[in-house]
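Each chain, written out:
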Amino acid sequence: MLVLIVLTALIMAPLGLFARYEPRPVIGWILAPIPLALFLAISALTPEVLAGGQVVQAIPWAPRMGLELRFMLDGLSMLFALLVSGIGALVVLYTAYYLAGDPGMGRFYLALFIFMGAMLGLVLADNVLTMFMFWELTSVSSYLLVGYKHDYPEARRGAQMGLLITVGGGLALLVGLVLLGTAAGSYTISEILAAGERIKASPLYTPAMLLIFLGCFTKSAQFPFHFWLPNAMQAPTPASAYLHSATMVKAGVYLLARLHPTLSDTTLWLYTLTVVGMTTMLVGAVAANRRDDIKGLLAYSTISKLGTMVLLAGMGGPEAPAALVATILAHALYKGALFMLAGAVDHEAGTRSLARLGGLRRAMPWTAALAILSSLSMAGVPILFGFVAKEEQLYAAVDNGLPPGLDVVVLIAVVTSAVFGVLYSWRLVSGVFFGAPGSGMKEHVHEAPAGMLIGPAILTTFSVVLPLGLLPTTGTFLQPAVDAISNEAAKISLYLFPSEISLPLILSMTALLIGAVLTRFEPQIVAAPSPLPPWLNGDRIYDAAVDGVLQGATVFTRTLQNGKLRSYMTWAVLSLIAVVTPPLLLFGFNGLTLPNLDGVEPFEFVSMLLIPIGVIATLQARSRLGAIIAASFVGLMVAYIFVIYSAPDLALTQLLVEILTTVFLVLLFAVLPASFERLTSPAEQSRDGLIAVIGGLMFAGIAFAASSSTELSPISQAFRAESQTQGFGDNVVNVILVDFRGFDTMGEIVVLFIAVLGIYAMLRLRPDASLARDDEEAPVRPARPDEAVLHGNGQDGRSAPDAREAPVAGKGR
Amino acid sequence: MYDSIILRNVSRLMFPILLLLSLFMLVRGHNLPGGGFIGGLLAASAFILQIIAYGPMYLRTTFQINFLNLAAFGVIFAALWGLVGLVTGQAYMLAFWLKEPIPGIGKLGTPVLFDVGVYLTVIGVTTQLALVLAEEPTLYPIQRPPARRDAVAPEA
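None of the values given here were measured: they were computed from a predicted structure. (Residues numbered from 1 in each chain as written. Chains lettered and ligands numbered in written order. Predicted model: local features only at pLDDT ≥ 70, side-chain atom pairs only at ≥ 80, totals over all residues. Heavy atoms only, no water.)

1. Digging into the overall build of chain B
Right, on to step 1. Along its length, chain B carries 5 helices and 0 strands.
Right, on to step 2. Scanning chain B from its N terminus toward the C terminus, one meets helices and strands in the order α-α-α-α-α.
Right, on to step 3. Scored against the burial criterion, the 156 residues of chain B give a buried share of 54%.
Right, on to step 4. In chain B, 66% of the contacts between residues at least 6 apart in sequence involve partners at least 24 apart.
Right, on to step 5. Only carbon and sulfur atoms are counted for the fraction: they give 72% of the accessible area of chain B, which is about 7000 Å². (Helix = DSSP H or I, 4+ residues; strand = E, 2+ residues; numbered from the N terminus. Buried < 20%, exposed > 50% of the residue type's maximum accessible area, 1.4 Å probe, protein only. Contact = heavy atoms within 4.5 Å. Areas by Shrake-Rupley, 256 points an atom, 1.4 Å probe, with all protein chains shown as cover.)

2. A look at the nonpolar core
A general feature of soluble globular proteins is that nonpolar side chains tend to end up buried together.
Right, on to step 1. By size, the foremost hydrophobic cluster in this structure holds 195 residues, and its most contacted members are Tyr109 and Leu360 of chain A.
Right, on to step 2. Ignoring anything within four residues of it in the chain, the contact list for leucine 360 of chain A reads Val345, Ala349, Val432, Phe433, Met441 and Val445 of chain A.
Right, on to step 3. Counting 45 residues, the second largest nonpolar core, distinct from the first, contains Phe15, Leu26, Ala71 and Val132 of chain B. (Core = buried A, V, L, I, M, F, W, Y, C linked by side-chain atoms within 4.5 Å.)

3. Structural notes on the packing of helix H5 (residues 75-98) of chain A against helix H21 (residues 450-465) of chain A
Residues and elements named next belong to chain A.
Right, on to step 1. At a closest axis distance of 7 Å, the pairing of H5 and H21 adopts a crossing angle of 155°. The angle between H5 and H21 places the two elements in the roughly antiparallel class. Here H5 runs over H21; the crossing is left-handed. On the side of H5, the interface is formed by Ile87, Leu90, Leu93, Tyr94, Tyr97 and Tyr98, while H21 contributes Gly451, Met452, Ile454, Gly455, Ile458 and Leu459.
Right, on to step 2. Grouping the constituent residues of the contact of H5 with H21 by class yields 10 nonpolar, 2 polar and no charged. (Axes fitted to C-alpha atoms, helices over the stretch in contact; angles between N-to-C directions. Parallel < 35°, antiparallel > 145°, perpendicular 65-115°, else oblique. Left-handed = near helix turned anticlockwise from the far one by under 90°. Nonpolar A, V, L, I, M, F, W, Y, C, P; charged D, E, K, R; others polar.)

4. A word on the packing of aromatic side chains
Right, on to step 1. Tallied over the entire structure, the rule returns 16 aromatic pairs over all chains.
Right, on to step 2. Where phenylalanine 213 of chain A meets phenylalanine 217 of chain A, the ring centres are 5.8 Å apart and the plane angle is 15°; that geometry is what we call stacked. Here phenylalanine 213 of chain A pairs with phenylalanine 217 of chain A, and both are found in helix H11 (residues 205-219), just 4 residues apart, close to one helical turn. Side by side, phenylalanine 213 of chain A and phenylalanine 217 of chain A carry an identical accessibility label, which is buried.
Right, on to step 3. A network of ring pairs unites the aromatic residues Phe15, Phe47, Phe63 and Phe67 of chain B as a single cluster. (Phe/Tyr/Trp six-rings, centres within 6.5 Å; stacked < 30°, edge-to-face > 60°.)

5. Details of the pattern of salt bridges
Residue and element names in this part refer to chain A.
Right, on to step 1. Going through the model one piece at a time under the given rule, you end up with 10 salt bridges over all chains.
Right, on to step 2. The partner of aspartate 543 in a salt bridge is arginine 157, and the shortest N-O contact between them spans 2.9 Å. Placement of aspartate 543 in helix H25 (residues 538-560) and of arginine 157 in helix H8 (residues 153-184) is noted, with a sequence separation of 386 residues between them.
Right, on to step 3. Accessibility expressed as a relative area gives 30% for aspartate 543, which makes it partly exposed.
Right, on to step 4. Residue arginine 157 is classed as partly exposed on the basis of its relative accessible area, which comes to 27%.
Right, on to step 5. Each of Asp293, Asp346 and Arg352 takes part in a single network of salt bridges with overlapping partners. (Salt bridge = Lys/Arg side-chain N within 4 Å of Asp/Glu carboxyl O.)

6. Digging into the environment of alanine 72 of chain B
Right, on to step 1. Relative to the helices and strands, alanine 72 of chain B is located in helix H4 (residues 67-87).
Right, on to step 2. According to the relative accessible area criterion, alanine 72 of chain B is partly exposed, its value standing at 21%.

7. Comments concerning the packing of helix H19 (residues 385-398) of chain A against helix H20 (residues 406-433) of chain A
Residues and elements named next belong to chain A.
Right, on to step 1. Where H19 meets H20, the closest approach of the two axes is 9 Å, and the angle between their N-to-C directions is 160°. The orientation of H19 relative to H20 falls into the category roughly antiparallel. For the crossing formed where H19 meets H20, the hand is left-handed. Judged by residue contacts, Lys390, Leu394, Ala397 and Val398 of H19 engage Leu411, Val414, Val415 and Ala418 from H20.
Right, on to step 2. Along the lines of polarity and charge, the residues of the contact of H19 with H20 split into 7 nonpolar, no polar and 1 charged.

Here's what the structure looks like:
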């Protein structure tokens, strides 16, 4: 069942391509039921989870490596899976209207469904390696989503930045997960959690955790990696809504929450997460108030909230798990709605700039109403779900598990971020919907189509209705998630009206009050200089790093790939010598026996001697053809040796390969001058000769050492014994190739195919520059299909230059 | 390419013989020296001989085979026969054999069919390589394919 849920979204992804056909919105109504069905399927499993159980499904994959496709549904993964599929359904529907005029909508749906499947796999996985696979798949599919408008350099840059940072963090995560699995002795998440105490005592705990933190921080846009998220705003709004509300950026928070029960409350965990989360929370909240783009404002507010979540995962204390779960739900509800509404405003008014928008409440009353309600929830104003979550945060901050000193700092930080939250919520609402009508908008702005409002309406309704009467139900529903996160029995108790005046309530009201007062000073706050030093600008550091890598790669490439075959050979042989020599010198000469020459017939000896003679002839050749023939002679003699030692298969292959190599060499050399020119100095020649001789000696040494080895029995006997009985063939070589080691052969033919693709691309799909250069000498244009073509000596294709035939290749970038 | 009457006549005669030999090598490969790789190289030699004797255009127009597609088909064809094991719930590439030999062909099993995939891939790769080189404008400015249908630039 769980595997089916994960695979459905992935398998259904190509259906999105039907979005090519008109009328576009219909495809939304056809596709949205798919995630809705997933939502219902997961809901159907809810009773079992609410009863305290888990749903597990495992398919072995590579059992000896501890790799299996193992999925588990518990409270935490259920919360995430429901958000992913539920908000996914709304986003799919919204996309149909938002991108109705866009020709690439099918491609967008394809990536969106792959992303959905990857995200479901990530949260449901119960094996860290399975989880990692889906983790990286979310990075790749979000790259496709963010870079959707690939004609724009900013979109490409944003997509590439997100990919490089999250995948780079993902690599750290992989190492961390493997270390964690090694410390636990299992890659299954539930078994890792069960071994929590042992892992904490292990020396691998610190490196494993630091690497995992790196993965989570990059994915969840924590300071100092937060800058990719605003750049990812280049994505079409439906993708932003999805990425921010329910899914990708919360993956890091999800993993931290998943590991929380048994791996937390160490100093490392407490301090790292608290400091990083708190910094992110404040940086995001401050930056959100300085943004003019409404999507940028929302992006930084997401960063702030992600920081809050990491802080809650880090700081410990009895209330933190409940606060984390409530924050995840509240944030998904209001942020999903707000992004979709921001898209609606952008779609109708033609701009996202706060300075150019204004007074839209009359033209877009429904959008305004929904946005105001969701913004109130974001600000944490009472009776909305955002308020409930904020109260939980404050309770957790008051009663945290941090040492004295730091706990006060955390409390102040949480209140400060609440104050800024009020401020940016107010900026959003007042800037877009109130005041004088903006100057930079389209004329005659209309209300967004109903299809674009359904999603935000449903999410906003939840933000309003959940606190109004459904709180006990919500608490029951969230309780399994809290159980999955907390390390001791913790009860979630959501409330709307506190029974008594408590410190959190006073702080909450104070924050609202200060926020309301600060709205008076909005222009000054927006204009205030950045509190961070300019060199700490993530964008700049990223650009410098990417430039540095590119420059380094250029230098490296110029050194290694200078276009001379001679230097390629030198590097290849040198690296082989470097790898092979040390073990050969250390171990190779133990018990080395020279081969037994007793049974060697004189003619065999002579044929072997002919090989070095051929090599010397190649070196001494004055003409290209002579060199080719001498080199082929060497190959043929090797084939002959195979014949002598009764290896007809090898001999045949060697013979054919030798013939074809000669043909290819002749093809290449035929147009070059007939004789060689000396382009190297004697010093270079002797250097290359020395390298060649050493390389040859090393390989001879390896051959001797291998044939002298008696420790391992030769594998050939086993193959010979089993080829007839198991592989039903007398030709052992062939049975090995197609049966015993068929998988290798499969890989080899794939390599062959890739090689020919590469050669084809290099020779055929290159920029026309090289063609033009040749055409100066021989003004030949490719023949047109309708031209009479003579086979034979190529007396064809000489036609007048034809504009239509102009560059065949090189048009694409 | 090489304007030689002897080469042209010999290559015309050799072509069917080499192809038959390559098929023979392919089929007998499971019990005697031969197999998909050797057979494929032999068949490619047959095609390349035509290129040398008549030029690449002759091969393009006379046979009308897209060797790149042939190679791709070979890879997929070979991979396909590994799936039989997967479908029956066993390991990928597990061998399956017919109980009774088919008259004239011999005993058939998935490894033999896998070898056919190797055969096609090797023919496609090697011949395409020779074609690309022989049609290379910097090397042979005169020789051009009749229509470069397979070298369409990506849509801008």
